[in-house]
Amino acid sequence: MAFSVAATNTLIKPLFQPRESTSSRSYNNAVSFHNSNTITNTNSSLQTYQIPCKTTTNMPTSPSPKWNFLQKAAAMALDAVETTLISREIKHPLPRTTDPDIQIAGNFAPVPEHPVSHNLPITGKLPECIRGVYVRNGANPHFQPTAGHHLFDGDGMVHAVQFKNGNASYACRFTETERLVQERKLGRPAFPKAIGELHGHSGIARLALFYARGLCGLIDHSHGMGVANAGLVYFNNKLLAMSEDDLPYHLRITPSGDLKTVERYNFDNQLDSTMIAHPKIDPETSELFALSYNVIQKPYLKYFRFSPDGTKSQDVDIQLSEPTMMHDFAITEKFVVIPDQQVVFKISEMVQGGSPVVYDKNKVSRFGILDKYASDASGIKWVEVPECFCFHLWNAWEDKETDEVVVIGSCMTPADSIFNESDQGLQSVLSEIRLNLKTGKSTRRSILSSDDEVNLEAGMVNKNKLGRQTQFAYLAIAEPWPKVSGFAKVDLFSGQVKKFFYGDEKFGGEPLFLPRDPNSENEDDGYILAFVHDEKMRKSELQIINAITLELEASIKLPSRVPYGFHGTFISAKDLATQA
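Since the structure is predicted, the reported quantities are computational estimates derived from the model, not experimental observations. (Residues numbered from 1 in each chain as written. Predicted model: local features only at pLDDT ≥ 70, side-chain atom pairs only at ≥ 80, totals over all residues. Heavy atoms only, no water.)

(A) Geometry of the sheet that holds strand E11 (residues 231-235). Spatially, the four strands line up as an open sheet ordered E11-E12-E13-E14, and their pairing is antiparallel. Whereas interior strands pair on both sides, the edge strands pair on one side only; in this sheet they are E11 and strand E14 (259-264). Strand after strand, the sheet turns through a mean of 35° between neighbouring axes, direction not considered. Pairing of strand E12 (residues 238-242) with strand E13 (residues 249-253), which is carried by three bridges, proceeds in the antiparallel orientation. (Pairing = 2+ DSSP bridges. Helix = DSSP H or I, 4+ residues; strand = E, 2+ residues; numbered from the N terminus. Axes fitted to C-alpha atoms, helices over the stretch in contact; angles between N-to-C directions.)

The following block contains the structure:
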């Protein structure tokens, strides 16, 4: 979820070692790491988690870097500069949005890798139609921060539950990104924490240090700097892990249910730019549609697609006046729907001591509607939607009677509250946005009534209906923010909402809707899968809920704590059989 500019921090200790005290800071939700490798929250409402030291032996090892005399001297000099930088930084309180004592406290704290555990305890009965593997991505920092850290900055870790022969197994593994491999070799971070560290003058200093190390040959960022911690998609027989700051990473599910990183994947040398973390697969054509944005140089945005066999189209350059935060987009049968909203990147803000991710109050949000098979952007139609910021778009379709494109998304206020500190409480309102292709005008309405209004964020619709009119959406109840207490099944036509709560002191994340049968007549015929953590018992489980009745069908007890994370997908046993 990070953007691709760089900084570094060489005074951060590995995940399983204690870090220096941050007692000079004063925060409500603090977490500290002790020699016992126990994560202890100083706020009694949070939890204490054990991280066994022996799990470090499971981590892949790399030989130490072989530097010449000049490189060793340069490394020592640059380390000394960074030591001074960090010693000055820790004297000043960090904002809540970049304070690691808040961002990775409680069940947001990282966990070590876990090899496959089979025959997990199951309460209830597993639906017979669930055969395959559920995978979910998340940010899991391998090194403990001493400087700024945002939740989105962590290294990518994928959690997998495989359903096979009526049994379930679990494993979690880091995605072996280029940056993680190099940092393990160095024994410390050397790559950017794009959101947590790049603020103000210290952020500029970190950029300078990062590029200086690159010039000296101490690190190599020519093969990507991404964390691959956000999205997951299964396309053309490959499971891809993504964050929009890099190329995807190809992962493989082993026959035993374990995970293995294959490579940083450029679609057989066809893709030479980053790819957004939420590509879309058209359920009718099996094509994959994607965007790529750049925060430094034009064109700030590109659109492209892949045929079912992985052949890439030519890039369509889309001209924007400034680089824009674009985490998601939508497709319909004929169009791609591209949000150009008010959260933008202004690197110049760092010179003035601020964050490069800013809310531009003078900009008017708009949505671009472009033919899916356009060879250039000359036919794009922009429709303004004032004061609208949707971090995620759940679906879109064409209303042929009104000549409108209907977009379903959660409108977030304040727009930049995820990235910058705000005294205003976050609101995420499920909304229907109509873009009229004839008049160029838009309308927007809240789908839920004022009595039912609740923060709804991560979620999805039936994937077999993506880009077509859908009746239901399944969305996380993001309360108490940033935790998720359950999910809502929303009737997008009537506004009726039914809620399922995970249980007392139980919290989860994105609900994944798994259709029972692709040919089912009822759109909601299927199951909801969600990782859930019991903060009271300090245990994690996978809950399986009937999407029609909203009754709990089964619960799988997991052998390891599963931190709250991001997005996932399900790969059927049939698809696994043809996995590349």
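(B) Fine view of the UniProt feature "binding site: Fe cation" (unreviewed entry) in the chain. Listed under "binding site: Fe cation" (unreviewed entry) in the UniProt record, and renumbered for this structure, are His-278, His-327, His-392 and His-567. Of the residues just listed, which span 290 residues, no C-alpha pair is farther apart than 12.5 Å, and they cluster in one region. Inspection of the secondary structure puts His-392 in strand E25 (residues 390-399). Take His-392: its relative accessible area is 3%, and that puts it in the buried class. Ignoring sequence-local partners within four residues, the contact set of His-392 consists of His-278, His-327, Asp-328, Gly-409, Ser-410, Glu-457 and His-567. A distance of 3.4 Å separates polar atoms of two side chains, one belonging to His-392 and the other to His-278. (UniProt positions renumbered as here; feature names shortened; annotations may be inferred. Buried < 20%, exposed > 50% of the residue type's maximum accessible area, 1.4 Å probe, protein only. Contact = heavy atoms within 4.5 Å. Polar contact = N/O pair within 3.5 Å; in protein donor to acceptor, adjacent residues only side chain to side chain.)

(C) Summary view of the pattern of salt bridges. Evaluated as defined, the whole model comprises 25 salt bridges. Note that Asp-258 and Arg-173 form a salt bridge whose closest N and O atoms lie 3.0 Å from each other. Residue Asp-258 is found in the loop between E13 and E14, and its partner Arg-173 is found in strand E10 (residues 167-174); the two are separated by 85 residues along the sequence. Of the residues examined, Asp-258 reaches a relative accessible area of 15% and is grouped as buried. (Salt bridge = Lys/Arg side-chain N within 4 Å of Asp/Glu carboxyl O.)

(D) Representation of unusual backbone geometry. A cis amide bond links Glu-479 to the next residue, Pro-480, at an omega of -5°. If you trace the backbone, Pro-480 turns up in the loop between strand E30 (472-477) and strand E31 (486-491). The omega torsion of the bond from Trp-481 to Pro-482 falls at 5°, within 30 degrees of zero and hence cis. In this fold, Pro-482 is placed in the loop between E30 and E31. You will see that Glu-387, though not glycine, has its phi angle at about 50°, which is positive. When its relative accessible area of 51% is taken as the criterion, Glu-387 is described as exposed.

(E) Seen up close, the packing of aromatic side chains. In total, this model carries 16 aromatic pairs according to the counting rule given. Look at Tyr-265 and Phe-267: their rings are 4.7 Å apart centre to centre, the planes differ by 50°, and that puts the pair in the tilted class. Residue Tyr-265 shares its accessibility class with Phe-267, and that shared class is buried. Their ring planes at 75° and their centres at 6.4 Å tell us that Phe-289 and Tyr-373 sit as a pair that is edge-to-face. Linking Phe-289 in strand E16 (residues 288-293) with Tyr-373 in the loop between strand E23 (366-371) and strand E24 (381-384), this pair joins segments that are 84 residues apart in sequence. The class for Tyr-373 is partly exposed, based on a relative accessible area of 39%. A connected cluster of aromatic rings, assembled from ring pairs, spans Phe-235, Tyr-265, Phe-267, Phe-304 and Phe-306. It is Lys-312 that lies over the ring of Phe-304; its NZ or CZ is 4.9 Å from the centre. (Phe/Tyr/Trp six-rings, centres within 6.5 Å; stacked < 30°, edge-to-face > 60°. Lys NZ or Arg CZ within 6 Å of the ring centre and 35° of its normal.)

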